[in-house]
Amino acid sequence: MYYSTNGKAPRADLRKAVVKGLAEDRGLYMPERIPQLPEAFFRTLGERSFVDNSLEVAKAFFGEDIPAEELSRIVTETLCFDCPLREVEPGIYALELFHGPTLAFKDVGARFMARLLRHFTGGEGQVNVLVATSGDTGSAVANGFLGVDGIRVFVLYPKGKVSPIQECQFTTLGKNITALEIDGVFDDCQALVKAAFLDTELNAAMRLTSANSINVARFLPQAFYYFWAYAQLQRLGKAGKVVCCVPSGNFGNLCAALFGKRMGLPIGRFIAANNANSVFYEFLQTGDYRPRPSVQTLANAMDVGDPSNFARIWDLYGKSPEAIRADISGGTYADAQIADTIRDCYSRTGYLLDPHGACGYRALKEGLQPGEVGFFCETAHPAKFKDTVEAIIGELVAIPERLAAFMQGEKQAVPLPKDFGAFKQFLLERR
Ligand SMILES: *Cc1c(COP(=O)(O)O)cnc(C)c1O
């Protein structure tokens, strides 16, 4: 069962937590029990594949709710790509999470959630997922749900405000994905989605749900990454004092890593790397959590001023800043430092970082102590931020085939004004 971090909502089973996303008291769902895996499992991680290790982790969390065969299919379909560990320099490894369909790490969470939602709502008629995006979330969700039976996705994005590379990743898909180009800004898109969930007539006419990043089905599967990182270090004979550094925005990815540790994964300590949005960093220094509006940076997927998963971390450590500090330290980097880091790492090692990974690499390099081995998550392919990265290194960045294929697709988007009436009418015509 799952409880709410706000403590004022009834407990929910997995089905409810996945279909509803947020608890009635607007808290985040947390599993009542974090299962511990046996010591022998960790000793032999390196002997199994990414899928096999992940399936054991998935069974521990979801095995009581989903039949074994179905869960095995969900995990296998989700992990359609590898997450290799690459040595950048002695003792520092990049865990590359960007080999999925949209070249950013949110693919695993989105794919897993799509399949869990289908499992729980299959046979109940059409389910409609509404998602507002400023860029990356829309592409991960759209691609994660692409071709999944019984589920339609409507991606709302602000006209002219997402990069051409991002736009083509959710406007060229067709099938069960519809892109809505809203004549407004991101906040207008989000307001339309919120209004739709509150509209009685609309909700009576069609089944609406969100694919929010706070959904347990999106954040928990990210734990797979950390077991796989450790497995690869074991294969290399480097699984000693391991440090894990995660470039963080809403802190879902880091939170999944912390769950991994609670399950027994022997990671010694963690580093949360931030861009100039340093609310968590300051929390570590002062013990006070003071959210504030986000500022724009080169690592824009981490431009978050009030990280939604802080509530989960706070809860996981019993609301104790000291307990959090014992496991997690932090780093925060301004745009100029991000640019310097990309340039310096590329010229010294030949490894090309993206702006998010650059925060992770730098925080790890500055924080690693003698005798430790560290890995940081490289959360996006540098080509996703082609213009930025090219301007920094003064060289062209090749576009991977998968990204180029998106760019050759034909853009199909429905233009809509930002008023709710038009959006509601559009949905009702498609009930
Ligand atoms: C979403 C995202 C992040 C931040 O992840 P959180 O789980 O929100 O902390 C970092 N890098 C990239 C490329 C992302 O898309």
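This one's a predicted model, so the numbers in the text were calculated from it and none came from an experiment. (Residues numbered from 1 in each chain as written. Predicted model: local features only at pLDDT ≥ 70, side-chain atom pairs only at ≥ 80, totals over all residues. Heavy atoms only, no water.)

This part covers the overall build of the chain. Of regular secondary structure, the chain possesses 20 helices and 13 strands. Its C-alpha atoms give the chain a radius of gyration of 21 Å, near enough to 22 Å, the size a compact globule of 431 residues would have. Across its three principal directions, the C-alpha atoms of the chain cover 65 × 50 × 40 Å. Sorting the 431 residues of the chain into buried and exposed places 58% on the buried side. Counting only contacts in the chain whose residues sit at least 6 apart along the sequence, the fraction spanning at least 24 positions is 73%. Only carbon and sulfur atoms are counted for the fraction: they give 49% of the accessible area of the chain, which is about 17,000 Å². Mean positive and mean negative side-chain charge positions of the chain (46 and 49 charges, respectively) differ by 3 Å. (Helix = DSSP H or I, 4+ residues; strand = E, 2+ residues; numbered from the N terminus. Rg over C-alpha atoms; globule rule 2.2 N^0.38 Å. Buried < 20%, exposed > 50% of the residue type's maximum accessible area, 1.4 Å probe, protein only. Contact = heavy atoms within 4.5 Å. Areas by Shrake-Rupley, 256 points an atom, 1.4 Å probe, with all protein chains shown as cover. Lys, Arg positive; Asp, Glu negative; His and termini not counted. Charge placed at Lys NZ, Arg CZ, Asp CG, Glu CD.)

Attention now moves to the state of the cysteines. What the rule picks out here adds up to 0 disulfides. You can see Cys255 has no disulfide; the closest cysteine sulfur is in Cys244, sitting 12 Å from it. Among the cysteines around Cys345, which has no disulfide bond, Cys359 carries the closest sulfur, lying 13 Å off. (Disulfide = S-S within 2.5 Å.)

Under the domain assignment used here, the chain contains domain 1 (68-103 + 219-400) and domain 2 (107-217 + 407-428). If you average the C-alpha positions of domain 1 and of domain 2, the two centres end up 27 Å apart. Contacts between the two partners involve 26 residues from domain 1 and, on the opposite side, 20 residues from domain 2. The tally of links between domain 1 and domain 2 comes to 3 salt bridges. The salt bridge partner of Glu77 is Arg118, with a shortest N-O separation of 3.7 Å. Our count for the domain 1 to domain 2 interface comes out at 11 residue pairs in polar contact (both at pLDDT 80 or more). Of all the secondary-structure elements, those providing two or more residues to the side of domain 1 that touches domain 2 are helix H4 (68-78) and helix H11 (223-235). Sorting elements by how many residues they give to the side of domain 1 that touches domain 2 places H4 first, with 5 residues. Residues belonging to the side of domain 1 that touches domain 2 are distributed by class as follows: 16 nonpolar, 5 polar and 5 charged. (Domains from an automatic or database assignment. Salt bridge = Lys/Arg side-chain N within 4 Å of Asp/Glu carboxyl O. Polar contact = N/O pair within 3.5 Å; in protein donor to acceptor, adjacent residues only side chain to side chain. Nonpolar A, V, L, I, M, F, W, Y, C, P; charged D, E, K, R; others polar.)

Let us now look at the pairing of strand E3 (residues 85-89). Bridge analysis of E3 against strand E4 (residues 92-96) gives 4 bridges, and the strand direction is antiparallel. Within E4, the residue paired with Glu87 across the bridge is Tyr93. Adjacent in sequence and paired antiparallel, E3 and E4 are bridged by 2 residues, among which Gly91 carries a positive phi angle near 85°. (Pairing = 2+ DSSP bridges.)

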